[in-house]
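The lines below spell out each chain.
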There are 2 protein chains.
Amino acid sequence: MVAAKPRNAFYAQSGGVTAVINASACGVIETARKHPDRIGKVYAGRHGILGALREDLIDTSKESVEAIRALRHTPAGAFGSARYKLKGLDQNRAEYERLIEVFRAHDIGYFFYNGGGDSQDTCHKVSQIGEELGYPVICVGVPKTIDNDLPHTDCCPGFGSVAKYVATSIREAGYDVASMAETSTKVFVLEVMGRHAGWITAACGLASEKAGEAPHILLFPEIPFDQAAFLARVDACVREYGHCVIGVSEGLHNADGSFMADSGMRDAFGHAQLGGVAPVIANLVKQHLGYKYHWAVADYLQRAARHIASKTDVKQAYAMGKAAVELALKGRNAVMPTIVRTSDVPYQWKVGSVALASVANIEHKLPRDYITADGFHITPKARRYLAPLIAGEDYPPYRDGLPDYVRLRLAPVKRKLKTDFAG
Amino acid sequence: MVAAKPRNAFYAQSGGVTAVINASACGVIETARKHPDRIGKVYAGRHGILGALREDLIDTSKESVEAIRALRHTPAGAFGSARYKLKGLDQNRAEYERLIEVFRAHDIGYFFYNGGGDSQDTCHKVSQIGEELGYPVICVGVPKTIDNDLPHTDCCPGFGSVAKYVATSIREAGYDVASMAETSTKVFVLEVMGRHAGWITAACGLASEKAGEAPHILLFPEIPFDQAAFLARVDACVREYGHCVIGVSEGLHNADGSFMADSGMRDAFGHAQLGGVAPVIANLVKQHLGYKYHWAVADYLQRAARHIASKTDVKQAYAMGKAAVELALKGRNAVMPTIVRTSDVPYQWKVGSVALASVANIEHKLPRDYITADGFHITPKARRYLAPLIAGEDYPPYRDGLPDYVRLRLAPVKRKLKTDFAG
């Protein structure tokens, strides 16, 4: 029996980046390097899938062992990510055919696509068109999203580290406000990401272990904003504890569906301003209750905060990258590795897998019973689910007082096609 | 020779809190506990100096050795701080007399006041009036301010940790934006504290070690905002590096002195809104250059971020508390311990001291030669000064995935006076 010639792999990062998506890249590349008999080179897309469409590939074999290892502790997308969604096969068949053309030119036998729901859908379609065009390519998704909204997996790599960051930050701000409240700031508002689902908002709640501990109020995108109930709650909280700390989702909206962040801010020229929801909430408190406030908007800081990544999250991100390669080597096509929880306390999990066909267009929503009946906090059930995901610290190395993150060489692969991508 | 009876000490926290002011409290209390022959109990003011005026004292002797040790890793003001400035002696002599009355009732022989310039001034005045009223009390200031604006000390405890936080955060956000820029966010703005001095803004600059690394542009409160020059710089940066990361002081102002954060934002009812300077800058970029942006406002997160405190800062904060007690025991009245830098590389420092009389009303300003000639970044001289202050990590312990900060018992001292504070 003659061993098949090894084929190359293509890896791409997609959508909003996270503190640990590079840990998944590390898992893919380190695992592939252990199988030179089966996998030749791992090429990465410069700027995600655009790299494939443009035939702009990065040769990861030019990166040292140390550089690839350092991906494990480096946030964001080392090869460049892209917000680029391939259209449906019937609408833009040419794009998929171009992908296959590039894959064929570079003998890509494995496609690893590291992203959220849309990317898993794309990955699935590429496997279908590969088959149709008689070009066999094994397509395996690698889950990633801070929004924690992928189905069939207990959680998504990226989420646990944001969760740890927001819970830590709101606890720290809570200590600050408690110190200041007697003569100064009484209300503090932290705006967090998660426009459509309240997973990150819920994670803020972990910081509050006893009554009176910050955060005192959470405002979820799942619960339409009730101004009267909210203000009454803030006032009661300040009267009882002297201060009030609020975690609010950027996606908080009114009963009519309009986003609170859009509620009428205008600049000096009358232009609508998207000023964030935190200042809107803070100003409401000031106007109606008169309390002095401060507010913060964490924005990218929360999803890039590798310095306080969850060890559990880093491990799982790496494991997903590793498992993707192992699934591919087993010939499993059009699948995505998943995290399967087997026990809450002690927390135990294993790697599973799911067909990509069943991932597309399903959102893993925050269950209503994770939110208290009054809509302003999380339940013990939510805590049981969330707590293990932020467990453990995984500090990056430091140099001169700052995290020492790697910058790769990003050596280009010589182009083979004469055609450019017209998309 | 008969030893004098030990007298009690009074410790109070003042003004905006920091990640390490409790480390100074730890230094004061642990050092005082080593000298029971000289210092009886250490009482702390509940809500700073208000605790003395109201005779609302906390008995720190009721706190365990472990709880006091844990102050070293706990952010914010464990005893409560206060934004409360005593007026001049001639304007409000009654307040100072009340302080001395409370001190006399509780046999306070030592007053340790942990704060910024105003607090050092108050501390000085208390020492004067004590003398006048024939009530001897040794008054020693303990320096604290994230603004780094106290004179005669190389730096201020609290600043180094904010500096480390903002430099780390803007580096991380820089990696994020670089990943996203091809198809999405090209410009990122981080707003940091420091309304009157650009020390914290300057610290952001440490993250950029080579051309092209974030942050690309810094906007200092010392440099009036030049919109045309700024926009040209942003555009050039995006064209050269694909993205642009900006650190901006909350105190950025126009040539006419008006704050950029006040530039005309109105809510739906026409009320002026203080929406932060970051969204104003981001919107300018969007309107004039059309680039997609994101922005963050770190606010209290930056000064409460004990999870990423500078080890140098923690050590210095503790050393200042310790030195304050040692100065007091030497009978040094109306002084403040200082940090004296003896070498940049390797960084070396020792404890000095300065008369409180020379601290009042002098601001340690960011030297113009710490800012580049074009006004948009820091010079090598600034780096040499700033770099050692963020050196080293000093992680708090974690429990269940979150920093395990202490909450003290805060047991009250029985009141002895029948009069209330009328202030």
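Quick caveat, the model's predicted, so the values are computed rather than measured.

Draft legend 1. Geometry of unusual backbone geometry. Residue Pro346 of chain A follows Val345 of chain A across a cis peptide bond; omega there is -5 degrees. Take Pro346 of chain A: it is sitting in the loop between strand S10 (335-343) and strand S11 (348-355). Following Ala214 of chain B, the chain continues to Pro215 of chain B via a peptide bond in cis, the omega torsion being 0 degrees. Relative to the helices and strands, Pro215 of chain B resides in the loop between helix H7 (199-204) and strand S7 (217-219). A positive phi angle, near 70 degrees, is found at Ala76 of chain B, a position not held by glycine. Relative to the helices and strands, Ala76 of chain B resides in the loop between helix H3 (65-70) and helix H4 (93-105).

Draft legend 2. Focus on the interface of chain A and chain B. Facing 67 residues of chain A, the contacting portion of chain B comprises 67 residues. Of all elements in the fold, only helix H6 (159-180), helix H9 (277-289), strand S9 (293-297), helix H10 (300-304) and strand S13 (402-403) of chain A reach the threshold of two or more residues within the side of chain A that touches chain B. Considering each element in turn, the side of chain A that touches chain B owes the most residues, 13 residues, to H6 of chain A. Within the side of chain A that touches chain B, the residues separate by chemical class into 34 nonpolar, 20 polar and 13 charged.

Draft legend 3. Region of interest: helix H11 (residues 311-329) of chain A. All names here are of chain A. Taking 1.5 Å as the rise per residue, H11 with 19 residues should run 27 Å; its terminal C-alpha atoms sit 27 Å apart, in good agreement. Counting buried positions over the 19 residues of H11 gives 14, a clear majority of the element. Looking one or two residues beyond H11, the residue adopting positive phi is Gly331, at roughly 80 degrees.

Draft legend 4. The relation of the copies chain A and chain B, seen in detail. Turning chain A through 180 degrees and shifting it by 0.0 Å along the axis lays it on chain B, with an RMSD of 0.0 Å. Each copy turns onto its partner about a two-fold axis. Looking at the interface residues of chain A, 100% of them are also at the interface in chain B, so both copies use one shared face.

Draft legend 5. The packing of helix H8 (residues 227-241) of chain A against H9 of chain A, seen in detail. All names here are of chain A. The N-to-C vectors of H8 and H9 enclose an angle of 75 degrees; their axes lie 11 Å apart at closest approach. Taken together, the axes of H8 and H9 are roughly perpendicular relative to one another. When H8 is examined against H9, the residues Gln227, Leu231, Val234 and Asp235 are found in contact with a partner set consisting of Leu284, Val285, His288 and Leu289. By residue class, the composition of the contact of H8 with H9 is five nonpolar, two polar and one charged.

Draft legend 6. Looking closely at H8 of chain A. Residue and element names in this part refer to chain A. Under the 1.5 Å per step criterion, the end-to-end length of H8 is 21 Å for 15 residues, consistent within 8% with the ideal 21 Å. Listed in full, the buried residues belonging to H8 are Phe230, Val234 and Cys237. Looking straight down H8, one finds its buried side chains confined to an arc of 65 degrees; they lie on one side. More than 90 degrees from the buried face of H8, the exposed residues found are Ala228, Ala236, Arg239 and Glu240. Check the buried side of H8 and you find it contacts strand S6 (187-192), strand S7 (217-219), strand S8 (244-249) and H9.

Draft legend 7. Geometry of the confidence of the model for chain A. Across chain A, pLDDT averages 94, with 96% of residues at or above 70. The ipTM value of the predicted complex is 0.97, and its pTM value is 0.97.

Draft legend 8. Region of the structure containing the environment of Asp154 of chain B. Residue and element names in this part refer to chain B. By secondary structure assignment, the location of Asp154 is in the loop between strand S5 (138-143) and helix H6 (159-180). Residue classification places Asp154 among the partly exposed residues on the basis of 19 C-beta atoms within 10 Å. Counting along the chain gives 187 residues from Asp154 to Arg341, while the straight-line C-alpha distance between them is 6.1 Å.

Draft legend 9. How the structure looks around the domain arrangement of chain A. Here chain A is partitioned into domain 1 (7-145 + 307-360 + 395-403) and domain 2 (159-304). Here domain 1 of chain A and domain 2 of chain A have C-alpha centroids that lie 35 Å from each other.

Draft legend 10. Expanded view of the packing of H4 of chain B against helix H5 (residues 117-132) of chain B. Residues and elements named next belong to chain B. One way to put it is that H4 packs onto H5 with a least axis distance of 10 Å and a crossing angle of 75 degrees. By the criterion of interaxial angle, the relationship of H4 to H5 is roughly perpendicular. Together, Tyr96, Leu99 and Ile100 of H4 and Lys125, Val126, Ile129 and Gly130 of H5 make up the contact between the two elements.

About the thresholds
Residues numbered from 1 in each chain as written. Chains lettered and ligands numbered in written order. Predicted model: local features only at pLDDT ≥ 70, side-chain atom pairs only at ≥ 80, totals over all residues. Helix = DSSP H or I, 4+ residues; strand = E, 2+ residues; numbered from the N terminus. Contact = placed C-beta atoms within 7 Å. Nonpolar A, V, L, I, M, F, W, Y, C, P; charged D, E, K, R; others polar. Expected span 1.5 Å × (residues − 1). Buried ≥ 20, exposed ≤ 12 C-beta atoms within 10 Å, placed from the backbone. Least-squares fit on C-alpha atoms with pLDDT ≥ 70 in both. Axes fitted to C-alpha atoms, helices over the stretch in contact; angles between N-to-C directions. Parallel < 35°, antiparallel > 145°, perpendicular 65-115°, else oblique. Arc of directions from axis to C-beta. pLDDT = per-residue confidence, 0-100. Domains from an automatic or database assignment.

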